[in-house]
Amino acid sequence: MYFDSLGAALAMEGHGGFVWAAYGICLLVVVLILLAPRRRQKKILLRLAGEQKRQQGNPTTVEEGK
Amino acid sequence: MWSFFHKLGSPPWLYRIAGSILRWLLPITLLALCVGLVWGLLFTAPDFRQGNSYRIIYIHVPAAVVALAGYYVMAIAGAVSLIWKMKMADVAMRACAPIGAALTFIALVTGSIWGKPTWGTWWVWDARITSMLILLFLYLGVVALYEAYDNKEAAGKACAVLSLVGTVNIPIIYKSVDWWYSLHQPASIKFTGESSIDPSMLYPLLLMITAFYALFTCCLLMNMRADILDRESRTGWVKKLALEYRA
C-alpha cells in the first residue's frame, strides 16, 4: 500500500475530501443503475402474478374484460 | 448467421440469453470494479504534479470513455430499429439512455471535483466539458422524449432520430481537446505512439475502463430484460414466468 496508515489514506495529503467525495458519488450512482432494473423487473413480475391470481379467482370478469 | 439475427429478434430468447450472460458477467464486473478501485485509490503512487487528487482519474476517465461508446451503441440500435423496424433494437436503444446519462453525470461531477484542487475552479465553459454537458442533455432528452409519447412506436422513432442527430456531438467531444486548447488536458493514452502515462498508473486505469465497459453491458442487459417483460406482459411466456416468480 502507498499510504502508511488509514488516517493518511483518508487525508491523502489534503486531497482526501475531493478524492473520497468523487468516489462516493460514483459508487452511489453505480449502485443506483444496478438496482433500478432489478426493482422494475420485480415490480412487473409481481403485478402480473397478482393480475393472474385475481383472474383465476373471478373468471367471469375475465370474460367481460375481453 | 441469419438464424442468429432471427433469434436476436425473439424476446423470450433474448431474455433468457441475457439472463445467462448476466449470471457470470455481473460477478466478474463487480470483482473487477472492486480490485480497480482499491488499486487506484491505495496502491498507486501519487502524480508528481497533481499529488493525490489525480486518483479521481480511475473513475473519471472510464466513465467518460464508456459514456461516449454507449452513445454509439444507442445510435446504432436506433438506426437498426428505424431501418429494419426491429423491436429488440428499440429495446436496446431505450436501455442505453439512462446508463449513458448516469455515466456522463459521473464524468462531469468527478471532473468538477478534480478541477477544484487542480485548476482552482469547479466549472469552466471549456470545449470538452461543454460538449460533455450536451451529451448528458442528449441522453436525458432520449429518456424524456420516450416518456412524453403515449404511442410507444412513435416514441421509439422520435428517440432514434434524436440519437442519430446527436452523434454529431461525439467526434466534437473526442477532438475538442485538440481543436480548442484550453484547461482540459489532451488524451494521455494513445493507441498509436507512446502513452504519456506511467505503466504503474496505466494498468489500473485500463482495468477500470474494462470494468466500466462490463458495467455498461450488465446494466444494458438488465434494463433490456425489464423492458422486454413490460412489453411482452400479455404473452404466455411472461405470464408463466410471473407465476413461477411468485411461487
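Keep in mind that this is a model prediction, so the values were computed, not measured. (Residues numbered from 1 in each chain as written. Chains lettered and ligands numbered in written order. Predicted model: local features only at pLDDT ≥ 70, side-chain atom pairs only at ≥ 80, totals over all residues.)

Participant: What should I look at first to understand the overall build of chain B in this one?
Facilitator: Secondary structure assignment for chain B yields nine helices and zero strands. Helices and strands appear in chain B in the N-to-C order α-α-α-α-α-α-α-α-α. Overall size of chain B, expressed as C-alpha extent along the three principal axes, is 60 × 35 × 35 Å. Looking at chain B alone, contacts between residues at least 24 apart form 76% of all its contacts between residues at least 6 apart. (Helix = DSSP H or I, 4+ residues; strand = E, 2+ residues; numbered from the N terminus. Contact = placed C-beta atoms within 7 Å.)

Participant: How should the confidence of the model for chain B be read in this particular structure?
Facilitator: Confidence along chain B averages 88 in pLDDT terms, with 94% of residues attaining 70 or more. Overall fold confidence (pTM) sits at 0.90, and the ipTM for the predicted complex is 0.88. (pLDDT = per-residue confidence, 0-100.)

Participant: Mind showing me how you'd approach the confidence of the model for chain A here?
Facilitator: Low pLDDT means the predicted coordinates in that region are not meant to be read closely. All names here are of chain A. Mean pLDDT over chain A: 81, with 88% of residues reaching 70 or higher. Model confidence for chain A, summarised as mean pLDDT per element, is weakest for helix α3 (residues 59-65) at 51 and strongest for helix α2 (residues 16-57) at 90. Below pLDDT 50 for its whole length, residues 62-66 participates in one contact with residues either more than four positions away or in separate chains.

Participant: So what exactly am I meant to see when it comes to the environment of M208(B) here?
Facilitator: Residue and element names in this part refer to chain B. Structurally, M208 can be placed in helix α8 (residues 199-231). The class of M208 is buried, set by 27 C-beta atoms lying within 10 Å. When the C-alpha atoms of M208 and A154 are compared, they prove to be 38 Å apart, with 54 residues separating the residues in sequence. When neighbours within four sequence positions are excluded, M208 is seen to be in contact with G36, G40, Y58 and P62. (Buried ≥ 20, exposed ≤ 12 C-beta atoms within 10 Å, placed from the backbone.)

Participant: So what exactly am I meant to see when it comes to the interface of chain B and chain A here?
Facilitator: In many reports, interface size means the accessible area that the parts give up when they come together. With 38 residues of chain B in contact, the opposing surface of chain A contributes 27 residues. Among the elements that take part in the side of chain B that touches chain A, helix α4 (residues 87-119) of chain B stands out by supplying eleven residues, more than any other. Looking at the side of chain B that touches chain A residue by residue, the class counts come to 25 nonpolar, seven polar and six charged. (Nonpolar A, V, L, I, M, F, W, Y, C, P; charged D, E, K, R; others polar.)

Participant: Is there a simple way to explain the environment of L135(B) in this structure?
Facilitator: Residues and elements named next belong to chain B. Locating L135 in the fold gives a position in helix α5 (residues 127-148). Taking the C-alpha atoms as reference, L135 lies 21 Å from T210; in sequence the two are 75 residues apart. For L135, the residues in contact, after removing those within four places along its chain, are A67, Y71, T104, N169 and I173.

Participant: How do you make sense of α4(B) when you look at a structure like this?
Facilitator: An α-helical segment advances 3.6 residues per turn. Residues three or four places apart therefore align on the same side. Residues and elements named next belong to chain B. Relative to the 48 Å expected for 33 residues at 1.5 Å per residue, α4 spans 47 Å between its end C-alpha atoms, a close match to the ideal helical length. Judged by how many residues are buried, α4 sits mostly within the fold: 25 of 33 residues are covered. In the stretch just after α4, G120 is the one whose phi turns positive, near 85°. (Expected span 1.5 Å × (residues − 1).)

Participant: Would you explain the packing of α4(B) against α5(B) in this entry?
Facilitator: Geometry of a packed helix pair, given as the angle between the helix axes and the separation of the axes. Residues and elements named next belong to chain B. Contact geometry for α4 and α5: axes closest at 9 Å, N-to-C directions at 150°. In terms of their interaxial angle, α4 and α5 are classed as roughly antiparallel. Every pair of crossing elements has a handedness; the one defined by α4 and α5 is left-handed. The segment α4 lies against α5, with R94, A97, P98, G100, A101, T104, F105, A107, L108 and G111 engaging I129, M132, L133, L135, L136, Y139, L140, V142, V143 and Y146. Its residues assigned to classes, the contact of α4 with α5 shows 16 nonpolar, three polar and one charged. (Axes fitted to C-alpha atoms, helices over the stretch in contact; angles between N-to-C directions. Parallel < 35°, antiparallel > 145°, perpendicular 65-115°, else oblique. Left-handed = near helix turned anticlockwise from the far one by under 90°.)

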